[in-house]
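As a plain string of letters, each chain reads:
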Amino acid sequence: MTKPASVLSDDTRTLLAQLADDLERLHPSAAMAEGIRLARPLVLAERLHGPTEAAFAAEQDLLAAMPPVRDRQTRGEYAALLRLIAEGAAL
């Protein structure tokens, strides 16, 4: 279950937007994979904080905010969902 938007940190909102940008930029019509959902948060968190405890915490918060990948969901569709979450839409 994803965290309610009201408890998302600024870092989490920023990282959700960055991930959405990445997904939309590279092959938006390709299938979204659960492996991408699990792997990208650490990359983005370490890009923001370096290899630190803050990056680990940011990764965990980002993963908690991200919904599971739905069957046949494209990267672009998932990116749109991440943007809605970052903007505070109730899903």
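Everything discussed here concerns the structure shown above.
Basis of the calculations
- Just so you know, the residues in each chain are numbered from 1, in the order the chain's sequence is written.
- Local features in this predicted model are restricted to residues whose pLDDT is 70 or higher, and side-chain atom pairs enter the listing and the counts only when it is 80 or higher, whereas totals over whole chains, interfaces and linings include all residues.
- Side-chain metrics in this entry use all non-hydrogen atoms of the structure; hydrogen atoms and water are not considered.
- Note on conventions: DSSP H or I runs of at least 4 residues are helices, E runs of at least 2 residues are strands, and numbering of each starts at the N terminus.
- A side-chain nitrogen of Lys or Arg and a carboxyl oxygen of Asp or Glu constitute a salt bridge if their distance falls within 4 Å.

*Asks:* Summarise the environment of glutamate 46; cite the residues concerned and give the values.
*Replies:* Within the secondary structure, glutamate 46 sits in helix α2 (residues 34-49). Considered as a pair, glutamate 46 and threonine 12 are 34 residues apart in the sequence and their alpha carbons are 13 Å apart.

*Asks:* I'd like a description of the pattern of salt bridges, backed by residues and values.
*Replies:* The full count for this structure, using the stated rule, is six salt bridges. When the shortest N-O distance is used, the salt bridge between arginine 25 and aspartate 22 registers 2.7 Å. Of this pair, arginine 25 and aspartate 22 both sit in helix α1 (residues 10-25), three residues apart, which is roughly one turn of the helix. Where arginine 40 meets aspartate 22, a salt bridge forms, and the shortest distance between an N and an O atom there is 2.9 Å. With a gap of 18 residues between them, arginine 40 in helix α2 and aspartate 22 in helix α1 connect regions that are remote in the sequence. Within the structure, one salt-bridge network assembled from shared partners comprises Asp21, Glu24 and Arg83.

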